[in-house]
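Each chain is listed here by its residues.
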Amino acid sequence: MDWLQIVVLSLIQGVTEFLPVSSSAHLILVPVFSDWPDQGLAFDVALHVGSLAAVIIYFREELLRMIGSWFKSATGKGTDEDARLAWWVILATIPVGVVGLACKDLIEQYARSPVLLAFGLIVFGIVLGVVDWRFRGSRSEYQMSWRDALLIGLSQALALIPGTSRSGITMTMALMLGLSREASARFSFLLSIPVIVLAGGLETLDLVESGIDVNWSDLALGTVLSGVSAFLCIHFFLSFIKRIGMQPFVIYRILLGIALLWLFA
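Residues numbered from 1 in each chain as written. Predicted model: local features only at pLDDT ≥ 70, side-chain atom pairs only at ≥ 80, totals over all residues. Heavy atoms only, no water.

Engineer: Looking at this structure, I do not really get helix H4 (residues 60-74). What am I missing?
Structural biologist: Here H4 is 15 residues long and its end C-alpha atoms lie 21 Å apart, about the 21 Å a rise of 1.5 Å per residue gives. Among all positions in H4, only Glu-62, Leu-63, Met-66, Ser-69 and Ser-73 are buried. For H4, the buried positions fall inside an angular range of 140° around the axis, keeping them on one side. Turned more than 90 degrees from where H4 packs its buried face, Glu-61 and Leu-64 sit exposed. Phi for Gly-76, located one or two positions after H4, is positive at around 75°. (Helix = DSSP H or I, 4+ residues; strand = E, 2+ residues; numbered from the N terminus. Expected span 1.5 Å × (residues − 1). Buried < 20%, exposed > 50% of the residue type's maximum accessible area, 1.4 Å probe, protein only. Arc of directions from axis to C-beta.)

Right, dumping it as structure tokens:
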């Protein structure tokens, strides 16, 4: 891999991982406009490590409180709002974990289909726009119930459909349940932690089994660039949606979906 490929792929992964625009749809466009070789499984793992580090660092204070309170709750020492939020993250992760493991081969077969990506972008983009316009409320992530968490978790399983966007569909469901834009995004970002761990763990197992030699300098650069861009994306996205909302991302998704259909259909 040359340095330009490393930079482009790292920035695409870092920025689109947390935006409601589907990172897979963007990564599929890279070979269209370049003759770069496939980046390989090891580099994919490195990019996931960068994204994971970014969200953990950004929410470090909340995560420390949640972990401490969760252990107290799990040992019968009382449950506060941080413990409940930690339980809700665990509950909401179960559906995507079960469906992902059960449908792993099917997902890998169709995940790169440009036409499916395009329809996923357009359809779920329109749904996000309608929900953000009609249903959003003012509740915070700390005011969620277990039913809210379960419904968001079930919606997250839909992200296995190409083009849906994990962050997009979880924010959509959270908004539909009456959470504010910021709360919807924050809970979606917290949910990304176990999901990235699970996905990265599966990729790591595949990598170990393959016995592929890796270029550690490429991986280190990709991890850093992905992490920094993801951190900045989280920070500015939370500020952006508070002032402007989701509609610009809806328009972008529809245009990108149309572009994919024009290029590949």
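Engineer: Looking at this structure, how should I read the nonpolar core?
Structural biologist: Soluble globular proteins tend to bury their nonpolar side chains together. One finds Phe-187, Phe-189 and Phe-237 to be the most contacted residues of the largest nonpolar core, which totals 42 residues. Here the element with the most residues in this core is helix H10 (residues 181-210); it accounts for eight residues. For Phe-237, the residues in contact, after removing those within four places along its chain, are Leu-19, Pro-20, Met-171, Ala-185, Phe-189, Met-246 and Phe-249. In this structure, Leu-9, Ile-12, Ala-46 and Leu-219 belong to the second largest nonpolar core, which totals 10 residues. (Core = buried A, V, L, I, M, F, W, Y, C linked by side-chain atoms within 4.5 Å. Contact = heavy atoms within 4.5 Å.)

Engineer: Please explain the environment of Leu-19 as it appears in this structure.
Structural biologist: Tracing the sequence through the fold places Leu-19 in the loop between helix H1 (3-16) and helix H2 (23-29). Residue Leu-19 is classed as buried on the basis of its relative accessible area, which comes to 13%. In the structure, Leu-19 is positioned 218 residues away from Phe-237 in sequence and 7.6 Å away in space, judged by C-alpha atoms. Among all residues touching Leu-19, those that are not within four sequence positions of it are Ser-165, Ser-167, Cys-233, Phe-237 and Phe-249.

Engineer: Please clarify how a nonpolar patch on the surface should be interpreted in this entry.
Structural biologist: Judged by side-chain polarity, Val-32, Phe-33, Trp-262, Leu-263 and Phe-264 come together as a nonpolar surface patch covering roughly 570 Å² of accessible area. Relative to the elements of secondary structure, Leu-263 occurs in helix H12 (residues 247-264). (Patch = residues over 30% accessible without salt bridge, like charges linked within 9 Å, V, L, I, M, F, W, Y side chains within 5 Å. Areas by Shrake-Rupley, 256 points an atom, 1.4 Å probe, with all protein chains shown as cover. Salt bridge = Lys/Arg side-chain N within 4 Å of Asp/Glu carboxyl O.)

Engineer: Is there a simple way to think about the packing of helix H8 (residues 146-157) against helix H9 (residues 166-176) in this case?
Structural biologist: Between two packed helices, what matters for the description is the angle formed by their axes and the separation of those axes. It is the contact of H8 with H9, at a shortest axis distance of 8 Å, that shows an interaxial angle of 150°. On the basis of their axis angle, the class for H8 and H9 is roughly antiparallel. For H8 against H9, the interelement crossing comes out right-handed. Contact residues: Leu-151, Ile-152, Ser-155 and Gln-156 in H8; Arg-166, Ile-169, Thr-170, Met-173 and Ala-174 in H9. In terms of residue class, the contact of H8 with H9 is built from five nonpolar, three polar and one charged. (Axes fitted to C-alpha atoms, helices over the stretch in contact; angles between N-to-C directions. Parallel < 35°, antiparallel > 145°, perpendicular 65-115°, else oblique. Left-handed = near helix turned anticlockwise from the far one by under 90°. Nonpolar A, V, L, I, M, F, W, Y, C, P; charged D, E, K, R; others polar.)

Engineer: Sorry if this is basic, but what is going on with the layout of surface pockets here?
Structural biologist: Any empty space left between atoms is shown by rolling a water-sized probe over those atoms. Reported here for the second largest pocket is a volume of approximately 200 Å³. Looking at the second largest pocket, the residues that line it are Leu-63, Met-66, Ile-67, Trp-70, Phe-71, Ala-86, Val-89, Ile-90, Leu-190, Ile-193 and Pro-194. At the level of elements, H4, helix H5 (81-102) and H10 are the ones that each hand at least two residues to the lining of the second largest pocket. Looking at the lining of the second largest pocket, the element that brings in the most residues is H4, giving five residues. Split into classes, the residues belonging to the lining of the second largest pocket amount to 11 nonpolar, no polar and no charged. (1 Å grid on protein atoms, 1.4 Å probe; cavity = no way out; pocket = protein on both sides within 12 Å on 5 of 7 lines; lining within 4 Å. Points joined across faces, edges and corners; volume = space filled by probe spheres on them.)

Engineer: Would you take a moment to explain unusual backbone geometry for this structure?
Structural biologist: Glycine aside, the phi torsion of most residues is negative, and most peptide linkages are trans. In this structure, Ser-22 takes a positive phi of about 75° despite not being glycine. Among the structural elements, Ser-22 can be located in the loop between H1 and H2. At Ser-165, a residue that is not glycine, the phi angle is positive and equals roughly 85°. Among the structural elements, Ser-165 can be located in the loop between H8 and H9.

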